[in-house]
Amino acid sequence: MKFDLNKEQSKLLASFFSDLGKGFFLGMIGLSFTSEIKLIIVIFGTIFMLVCTLQALSILNKFD
């Protein structure tokens, strides 16, 4: 799917991806305190946060 975004829309979408990654990571840390499989949950949360952050950076780099 191809999006035609202007600079302002791309900043907002990158901010959304960044917030989504941070929120998911913090949620996974909170969930790991109540779960038996702490390491797997934290690793999954970290990978998802990394993917969201890299996606946000790639969106921002298209307009620089």
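A brief structural summary. Everything numeric here is computed off the predicted structure, so don't read it as measured data.

Describing the pattern of salt bridges
Next, step 1: Tallying each qualifying case throughout the model produces 1 salt bridge.
Next, step 2: A salt bridge links K22 to D19; the nearest nitrogen and oxygen atoms lie 3.6 Å apart. Placement of the pair is K22 and D19 together in helix 1 (residues 7-32), with a separation of 3 residues, close to one helical turn.
Next, step 3: Given the relative accessible area of 45%, K22 is considered partly exposed.

Looking at the packing of helix 1 against helix 2 (residues 38-61)
For any two helices packed against each other, one specifies the inter-axial angle together with the distance between the axes.
Next, step 1: The geometry of helix 1 relative to helix 2 is characterised by a closest axis approach of 8 Å and an angle of 175° between their N-to-C directions. It follows that helix 1 is roughly antiparallel to helix 2 by the angle criterion.
Next, step 2: For the contact of helix 1 with helix 2, the class distribution of residues is 17 nonpolar, 7 polar and 3 charged.

A closer look at helix 2
Next, step 1: In this model, helix 2 (24 residues) spans 34 Å end to end at C-alpha, consistent with the 34 Å of a helix rising 1.5 Å per residue.
Next, step 2: If you check which residues of helix 2 are buried, you get I41, G45, C52, A56 and I59.
Next, step 3: Check the buried side of helix 2 and you find it contacts helix 1.

Concerning the environment of G45
Next, step 1: Secondary-structure assignment places G45 in helix 2.
Next, step 2: The spacing of G45 and A56 is 11 residues in sequence and 16 Å in space, taken between C-alpha atoms.
Next, step 3: Ignoring sequence-local partners within four residues, the contact set of G45 consists of F24, F25 and M28.

Quick notes on the rules
Residues numbered from 1 in each chain as written. Predicted model: local features only at pLDDT ≥ 70, side-chain atom pairs only at ≥ 80, totals over all residues. Heavy atoms only, no water. Salt bridge = Lys/Arg side-chain N within 4 Å of Asp/Glu carboxyl O. Helix = DSSP H or I, 4+ residues; strand = E, 2+ residues; numbered from the N terminus. Buried < 20%, exposed > 50% of the residue type's maximum accessible area, 1.4 Å probe, protein only. Axes fitted to C-alpha atoms, helices over the stretch in contact; angles between N-to-C directions. Parallel < 35°, antiparallel > 145°, perpendicular 65-115°, else oblique. Nonpolar A, V, L, I, M, F, W, Y, C, P; charged D, E, K, R; others polar. Expected span 1.5 Å × (residues − 1). Contact = heavy atoms within 4.5 Å.

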